[in-house]
Amino acid sequence: MRGTTPREIDPAGAQAMLSELFDAGADRLAHSLGVGRRAEHVARALDRPQLLVTAAYLHDVGYAAAARDTGLHQLDGARYLRSVGAGPELTSLVAHHTSATVEAGERGLDTTLCQEFPAPPGELLDLLTYCDITTSARGETVSVDERFAHIYDRYPPGHLVWRSMQHAEPGLRQVVARIERRLERVAR
């Protein structure tokens, strides 16, 4: 599967990759599939490219054993995807989703992240982040309040991820509110 020739990965290929990398029934798989399904809806509603859907399915690939390296799942996932030939648009979306630079800063990897993977255009990144932050660990659509409550329950106060999410939460809530307003407008 590894290669150096850039190749397009479509949503079906992304789902196949996930099924190879994660155990059936694992929360990470359920969440990734749920985020992908959420992105399919958003992409249709807002007429966005399939790249958004593919990135949504693969956004947490950095948690897979085959990809884990630095502990920053966004960076690890982007590196893994690059190693299998994914293009820069996909890898940069995965690298920067859901305020990755905040956690990267906590880990001392912010310069590495930004040098290896330039930030993608804001709109697709915001849409990907929206899909992630409104999907539960089991893949169900949830409110942003429910998602943050689950994250804070999952990690103890003071944990690096807990601190990162505390710092990123106001901006993430703004992204969610902005995308929800856009989706409401198109639904009318």
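As a reminder, the structure under discussion sits directly above these lines.
All of these numbers come straight from a predicted model, not from anything done at the bench.

Q: Mind showing me how you'd approach helix α10 (residues 160–187) here?
A: Every α-helical turn comprises 3.6 residues, leaving residues that sit three or four positions apart pointing alike. Taking 1.5 Å as the rise per residue, α10 with 28 residues should run 40 Å; its terminal C-alpha atoms sit 38 Å apart, in good agreement. When α10 is considered as a whole, its buried residues turn out to be Leu160, Val161, Ser164, Met165, Ala168, Glu169, Leu172, Val175, Val176, Ile179 and Leu183. Looking at the buried side of α10, the elements it contacts are α2 (27–46), α6 (100–107), α8 (122–133) and α9 (144–154).

Q: Looking at this structure, I do not really get the pattern of salt bridges. What am I missing?
A: Pairing is possible between side chains of opposite charge, provided their charged atoms come close. By the definition in use, this model includes 13 salt bridges. Put simply, aspartate 145 and arginine 173 hold a salt bridge, and the shortest N to O gap is 2.7 Å. Of this pair, aspartate 145 sits in helix α9 while arginine 173 sits in helix α10, and the two are 28 residues apart along the sequence. Judged by its relative accessible area of 29%, arginine 173 falls in the partly exposed class. Where salt bridges share partners, they join Asp69, Arg79, Arg82 and Glu116 into one cluster.

Q: Would you mind going over helix α4 (residues 73–83) with me for this structure?
A: Within α4, 8 of the 11 residues are buried, which leaves it mostly tucked inside the rest of the structure. Tucked inside the fold, the buried residues of α4 contact α1 (11–21), α3 (50–58), α5 (88–96), α6 and α7 (110–116). Glycine 85 lies just past α4 and shows a positive phi near 95°.

Q: What am I meant to see in the packing of α9 against α10 here?
A: The axes of two packed helices give the description: the angle between them and the distance between them. Following both chains from N to C, one finds α9 and α10 inclined at 175°, their axes separated by 11 Å at the closest point. Overall, the two elements α9 and α10 adopt an arrangement that is roughly antiparallel. Of α10, the residues touching α9 (which contributes Val144, Asp145, Phe148, Ile151 and Tyr152) are Trp162, Met165, Gln166, Glu169, Leu172, Arg173 and Val176. Partitioning the contact of α9 with α10 into residue classes produces 8 nonpolar, 1 polar and 3 charged.

Q: Just to check I follow, could you spell out the environment of glycine 71 for this structure?
A: Checked against the element boundaries, glycine 71 lands in the loop between α3 and α4. With a relative accessible area of 37%, glycine 71 lands in the partly exposed category. Those residues in contact with glycine 71 that lie beyond four places of it in its chain are Asp76, Glu103 and Arg107.

How each quantity is defined
Residues numbered from 1 in each chain as written. Predicted model: local features only at pLDDT ≥ 70, side-chain atom pairs only at ≥ 80, totals over all residues. Heavy atoms only, no water. Helix = DSSP H or I, 4+ residues; strand = E, 2+ residues; numbered from the N terminus. Expected span 1.5 Å × (residues − 1). Buried < 20%, exposed > 50% of the residue type's maximum accessible area, 1.4 Å probe, protein only. Contact = heavy atoms within 4.5 Å. Salt bridge = Lys/Arg side-chain N within 4 Å of Asp/Glu carboxyl O. Axes fitted to C-alpha atoms, helices over the stretch in contact; angles between N-to-C directions. Parallel < 35°, antiparallel > 145°, perpendicular 65-115°, else oblique. Nonpolar A, V, L, I, M, F, W, Y, C, P; charged D, E, K, R; others polar.

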